[in-house]
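Now for the letters of each chain:
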Amino acid sequence: MKVVIIGGGFAGMNLAKKLAGNKAIEVTLVDRNNYNFFPPLLYQVSTSFIEASNISYPYRKMFQHKANLRFFYGTLLNIDHKSKIIHTDDGDLSFDYLVLAMGTQTNYFGMQNVQKYSLPMKTIDDALNLRNHLLLNMETLIRTNSDAERQKRKVIVIAGGGPTGVEVAGMIAEMSKHILTKDYPELNSPKASIYLIDAGEALLGPMSKKSQKEAYTVLEKLGVKIKLKTAVKDFVDGKVILSTGETILTNTLIWASGVIACEAPGLPSTSITKGRRILVDEFNKVQGTDSVFAIGDQSYQTADKDYPNGHPQLAQVAIQQGIHLARNLERIRTQKPPVAFKYNNKGSMAIIAKFRAVVDLPKKGFFSGFFAWLIWLFIHIIPIAGYRNKVKLAFNWFWSFITNDPTLRLIIRPAKKEKLLPAEHVAEAIPEKAPGKVQEKISG
Ligand SMILES: Cc1cc2nc3c(=O)[nH]c(=O)nc-3n(C[C@H](O)[C@H](O)[C@H](O)COP(=O)(O)OP(=O)(O)OC[C@H]3O[C@@H](n4cnc5c(N)ncnc54)[C@H](O)[C@@H]3O)c2cc1C
């Protein structure tokens, strides 16, 4: 049986791992990146706390010695579900069963300036881009003679008060407190002004009231200015424009405000629902198809009676759906009836500051503080791919938390090459065996 999985995040990777070693099933995992990564810790990469390599791992290394797993580096372009073929930017693949596990992408809600100028937090590239931006911003800040420019560069606006926005706000506030004075002695008052904006009535929207209150209190104490029931409407000429009519001068808008499912072109339009999620039945089979499944953030299942409005877009749902589908594919192969998916909620958690986290347990349990923070660290280290990564991450955390001074504040950018000359000019400019003349000719 030929199974093609598109997307190697929590859902796709758990499905592939569970099928590893099943000689009767040949699995091809397609991904636009050649590595799996761990989104819940992206904010620590973007704030120079840990390295990108601590939370990412190459698929080919994962698949070593797994005879029935193959990796295909490519981006899905179109699905022909009737002919059982997918088209990618690097060729076509045929399948008996196709599994869509492409997750979500940043949603800018149609605001073009926000899309163009804000800094999203969805991928490793985004996190490294944000890290560079924050560090470059400080280098410009200390050099500028303009008071207005200096003020503007000290302000950081974070849109989205969910776990990502709260975590990044807490981390930047801690950095501003502990690191800026040491790194930038040129500044008299280097503390950043951090705004956290959310359209909802509380921070950490899907969590318990106790978690929401704790996050608010702790962030406020750290100096974060929280604006609830307020939406970002535009980001133009270095000004964030809010729904209240207020504007904030800044050149840093971090966008942690919304997601939309990745596109799956070729599926029947009736199978696409709100947030572009794909409608699936109780076995995660896409409505209107015979052999296509969707799992994780990208899927929308209403058959689970505790979640009639679809499951939350969380790692645990994606992991459980991946593992469950692996069992069902084996049942389908051996002509047994598949079993309906049921989500087992294990609770949710978020870090709100150094040594402080909030944890909601199923059935209304709640705890917070240092113990919650330790549990958060433990839970987040387990799913990180690779033993070396786990050890490196634990050491990095230990070191950074006790010294208050991680050493990863590096501005690393891809090299900018000189503009290449058109081919005919190059031939003319670089006579064979005359390397000494090259520079002269080109500059001439
Ligand atoms: C910053 C951040 C913090 C988060 N924190 C938490 C948290 O603390 N707890 C929690 O439970 N959840 C958290 N989440 C949500 C969690 O990460 C998602 O619910 C989970 O990743 C969903 O898994 P998935 O497999 O469906 O999709 P993903 O993990 O997003 O994986 C999708 C994969 O598909 C690939 N892909 C996408 N499009 C294509 C294409 N066209 N062709 C080929 N490959 C493609 C991508 O490269 C990626 O590898 C967080 C998310 C973010 C962004």
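Residues numbered from 1 in each chain as written. Predicted model: local features only at pLDDT ≥ 70, side-chain atom pairs only at ≥ 80, totals over all residues. Heavy atoms only, no water.

Caption draft 1: Spotlight on the overall build of the protein. The number of helices and strands found in the protein is 14 helices and 25 strands. Taking all contacts inside the protein whose residues are at least 6 apart in sequence as the whole, residues at least 24 apart take part in 63%. Counting only carbon and sulfur atoms, one obtains 53% of the accessible surface of the protein, whose full area is about 22,600 Å². Charge separation in the protein, taken as the distance between the mean sites of 57 positive and 39 negative side-chain charges, equals 6 Å. (Helix = DSSP H or I, 4+ residues; strand = E, 2+ residues; numbered from the N terminus. Contact = heavy atoms within 4.5 Å. Areas by Shrake-Rupley, 256 points an atom, 1.4 Å probe, with all protein chains shown as cover. Lys, Arg positive; Asp, Glu negative; His and termini not counted. Charge placed at Lys NZ, Arg CZ, Asp CG, Glu CD.)

Caption draft 2: Quick peek at the environment of R276. Among the structural elements, R276 can be located in the loop between β19 (259–261) and β20 (278–280). Counting along the chain gives 172 residues from R276 to T104, while the straight-line C-alpha distance between them is 9.1 Å. Sequence-distant contacts of R276, that is, excluding residues within four places in its chain, are made with Q105, I260, A261, C262 and E263. Reaching out from R276, the side chain makes a polar contact with the backbone oxygen of A261 at a distance of 2.7 Å. (Polar contact = N/O pair within 3.5 Å; in protein donor to acceptor, adjacent residues only side chain to side chain.)

Caption draft 3: Region of the structure containing the sheet that holds strand β8 (residues 91–94). Strand order across the open sheet formed by three strands is β6-β7-β8, with antiparallel pairing between neighbours. Pairing within the sheet leaves two strands with one partner each, and these edge strands are β6 (76–80) and β8. Averaged over all pairs of adjacent strands, the angle between their axes in this sheet comes to 20°, without regard to strand direction. Two elements, strand β7 (residues 85–88) and β8, share four bridges in a ladder whose sense is antiparallel. Bridging from a neighbouring strand, T88 pairs with G91 of β8. (Pairing = 2+ DSSP bridges. Axes fitted to C-alpha atoms, helices over the stretch in contact; angles between N-to-C directions.)

Caption draft 4: Expanded view of the site of the ligand. The immediate surroundings of the ligand are formed by 28 residues, with A11, D31, L76, D297 and A315 found nearest. Within the backbone of L76, one N or O atom sits 3.0 Å away from a nitrogen atom of the ligand. Expressed as a share of its isolated accessible area of 1,000 Å², the protein-covered part of the ligand is 89%. Elements supplying a minimum of two residues to the shell around the ligand: α1 (10–19) and α10 (315–333). Counted by class, the shell around the ligand contains 14 nonpolar, 10 polar and four charged residues. (Near = heavy atom within 4 Å. Nonpolar A, V, L, I, M, F, W, Y, C, P; charged D, E, K, R; others polar.)

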